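# Notes for the structure review
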Amino acid sequence: MKPHDQHSKLWSGDTAPFFRDQSFTPLKQSGPHCVSTVLAMLTREEPEIIRPRINTQNPVTWSDYLLGHGMKLAFCPTDCRRLEHYLDDLLALDDLFTLSYYSPSDPEAICADPDEKGWICGSHIVLLHRDQILDPASGVRTAAREHQGRERFTKRIFRVVPAQHLRGL
C-alpha cells in the first residue's frame, strides 16, 4: 500500500478519458431542480422521471441512478476553495465531471449557523464536459473559464466514470 500523499492531485491514477467523445445537451431546469436536470443531461431521461428516485442531498443516490445507464460518480478530493482553483486540473483531464458549488459568494454565509428550519445556504450543480459547462439554471453551454460559477466556493466535485470502474460511490 502506498503512503498517504498529502498533496495528491484532483484525480490520481489513470487519467484516460471515459466520456470525452460523447455529446451532452444542455437542459434548463424547471424550479429548484438542478440535480435531476444534470442527471437528465447525462442519461437523456426527463428530470421529472429522475426526481422521485433520488435524494438531492445524497450523491450516493445519484450514482446509484447512473448505474442503470452505465455510469457512476467518483469523488474527487476537494475542499471549500473557489472552483477556479480546480479548473486547470479539471480541464487537463478533458473529460466529464459534475461540479457543485455553494450559491453565496460570501464564506461567512456558507459557514453560518442554520436558521430555525436547519437551512444554511443553497448550492448548485453543473456539468463540465471537456472545457464546457452545461448549466441547468440557464440551459446553455458556456466556456468553463467564462462560467460565473468558477468564482463560487466548492461543495463537491465528482468525475463521471463507467459503472465497472474501480473508483466510485
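Each remark here, short or long, concerns the structure printed above.
What counts, and at which threshold
- Residues numbered from 1 in each chain as written.
- Predicted model: local features only at pLDDT ≥ 70, side-chain atom pairs only at ≥ 80, totals over all residues.
- Heavy atoms only, no water.
- Salt bridge = Lys/Arg side-chain N within 4 Å of Asp/Glu carboxyl O.
- Pairing = 2+ DSSP bridges.
- Helix = DSSP H or I, 4+ residues; strand = E, 2+ residues; numbered from the N terminus.
- Axes fitted to C-alpha atoms, helices over the stretch in contact; angles between N-to-C directions.
- Patch = residues over 30% accessible without salt bridge, like charges linked within 9 Å, V, L, I, M, F, W, Y side chains within 5 Å.
- Areas by Shrake-Rupley, 256 points an atom, 1.4 Å probe, with all protein chains shown as cover.
- Buried < 20%, exposed > 50% of the residue type's maximum accessible area, 1.4 Å probe, protein only.
- Contact = heavy atoms within 4.5 Å.
- Polar contact = N/O pair within 3.5 Å; in protein donor to acceptor, adjacent residues only side chain to side chain.

### Considerations on the pattern of salt bridges
- Applying the stated rule across the entire model yields six salt bridges.
- Residues Asp 79 and Arg 81 are paired through a salt bridge, measuring 2.9 Å at the closest nitrogen-oxygen approach.
- Put simply, Arg 150 and Glu 151 hold a salt bridge, and the shortest N to O gap is 3.6 Å.
- Each of the salt bridges in this network shares a partner with another, and the network as a whole consists of Arg 20, Asp 94 and Arg 130.

### A word on the sheet that holds strand β5 (residues 140–143)
- The six strands lie next to each other as β1-β6-β2-β3-β4-β5, forming an open sheet whose pairing is antiparallel. With partners counted over all chains shown, the strands left at the sheet margins are β1 (71–75) and β5, one partner each. Here the strands of the sheet are splayed against their neighbours by 30 degrees on average, with no regard to which way each runs.
- Pairing of strand β4 (residues 132–135) with β5, which is carried by four bridges, proceeds in the antiparallel orientation. What sits directly across from Leu 134, in β5, is Arg 141.

### Here we look at a nonpolar patch on the surface
- A surface patch of nonpolar side chains, amounting to about 240 Å² of accessible area, comprises Val 60, Phe 75 and Leu 169.
- Mapped onto the elements, Val 60 comes out in helix α3 (residues 59–67).
- A residue is classified by how much of its surface remains accessible, and Val 60, at 39% relative accessible area, is partly exposed.

### Some words on the environment of Asp 94
- Within the element layout of this structure, Asp 94 appears in the loop between α4 (87–93) and β2 (96–102).
- The exposure class assigned to Asp 94 is buried, which follows from its relative accessible area of 18%.
- Counting along the chain gives 75 residues from Asp 94 to Phe 19, while the straight-line C-alpha distance between them is 9.0 Å.
- If sequence neighbours within four positions are ignored, Asp 94 has contacts with Pro 17, Arg 20 and Arg 130.
- In terms of polar contacts, Asp 94 uses its side chain to reach the side chain of Arg 20, at 3.0 Å.

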